[in-house]
Amino acid sequence: MAARIDLTLDCDDAQLLAAFWKTALGYVDEPPPAPFATRAEWIAHYEPEDDGAEDDGAWLCDPDGIGPRLSILKVPEPKTAKNRLHIDIRVPVRGGPEERWAAIRAEAERLVDAGGRVLTEVDGHHVVMADPEGNEFCVAAG
């Protein structure tokens, strides 16, 4: 059996990135693990002396249970270099190259409206973007 993976993004503002990635991926907040009723209760179980720790992380999941879980965790260090691993957002499209490119560019524009920014367009193939904290990702045809 193949291993399942989770993805983790280190960040400065977990709630800002959670909002962006929920919009980008269509993900939702992941419920806390059993037997905990809330994330705050779960965090208090592991870090009882930590105040405000709930805002220091966000846990997202694919509502259909297909995509990997995404953990977004606040860290003290700033981002200093290009990602060595990045997310590719695949846009489901049909049609020829012009329709695919139009769909990719439309998705990139939607993500700019959500707080991302375009870094590079590789004409006709994909758009390299950054989330609100500069983490690179690509938008391409699915």
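The preceding data block contains the structure.
Attention in this report is confined to the structure presented alongside it. Predicted, not measured: the structure shown is a model, and the values here were computed from it.

**What to know about the overall build of the chain**
- Along the backbone of the chain there are 3 helices and 8 strands.
- Moving toward the C terminus, one meets the helices and strands of the chain in the order β-α-β-α-β-β-β-α-β-β-β.
- When its C-alpha atoms are laid out on the principal axes, the chain stretches across 55 × 35 × 30 Å.
- Burial statistics for the chain: of 142 residues in total, 36% are counted as buried.
- For the chain, the proportion of contacts with a sequence separation of at least 24, taken over those separated by at least 6, is 58%.
- Of the roughly 8,900 Å² that the chain leaves accessible, carbon and sulfur atoms contribute 53%.
- In the chain, which carries 14 positive and 28 negative side-chain charges, the distance between the mean positions of the two groups comes to 8 Å.

**Considering the sheet that holds strand β6 (residues 117-122)**
- The strand order β5-β8-β7-β6 describes an open sheet built from 4 strands, whose pairing is mixed. Two strands bound the open sheet, and with one partner strand each, they are β5 (87-91) and β6. Shown here is a sheet whose adjacent strand axes are inclined to one another by a mean of 25°, direction ignored.
- Across 5 bridges, β6 lies against strand β7 (residues 126-130) in antiparallel orientation. Directly across from E121, in β7, lies its bridge partner V127.
- Contacts from helix α3 (residues 97-113) reach β5, β6, β7 and β8 (136-141) within the one sheet, and its direction differs from that of β7 by about 10°.

**Observations regarding α3**
- When the terminal C-alpha atoms of α3 are compared, their 24 Å separation across 17 residues agrees well with the 24 Å that a helix rising 1.5 Å per residue should span.
- Of all the residues in α3, the buried ones are W101, A103, I104, E107, A108 and L111. Each buried residue of α3 sits inside an arc of 160° when the element is viewed along its axis, so together they form one side. Residues of α3 that are exposed and point more than 90 degrees away from the buried face comprise E98, E109 and D113.
- Packed against the buried residues of α3 are α1 (14-25), β5, β6, β7 and β8.

Parameters and conventions
- Residues numbered from 1 in each chain as written.
- Predicted model: local features only at pLDDT ≥ 70, side-chain atom pairs only at ≥ 80, totals over all residues.
- Heavy atoms only, no water.
- Helix = DSSP H or I, 4+ residues; strand = E, 2+ residues; numbered from the N terminus.
- Buried < 20%, exposed > 50% of the residue type's maximum accessible area, 1.4 Å probe, protein only.
- Contact = heavy atoms within 4.5 Å.
- Areas by Shrake-Rupley, 256 points an atom, 1.4 Å probe, with all protein chains shown as cover.
- Lys, Arg positive; Asp, Glu negative; His and termini not counted.
- Charge placed at Lys NZ, Arg CZ, Asp CG, Glu CD.
- Pairing = 2+ DSSP bridges.
- Axes fitted to C-alpha atoms, helices over the stretch in contact; angles between N-to-C directions.
- Expected span 1.5 Å × (residues − 1).
- Arc of directions from axis to C-beta.

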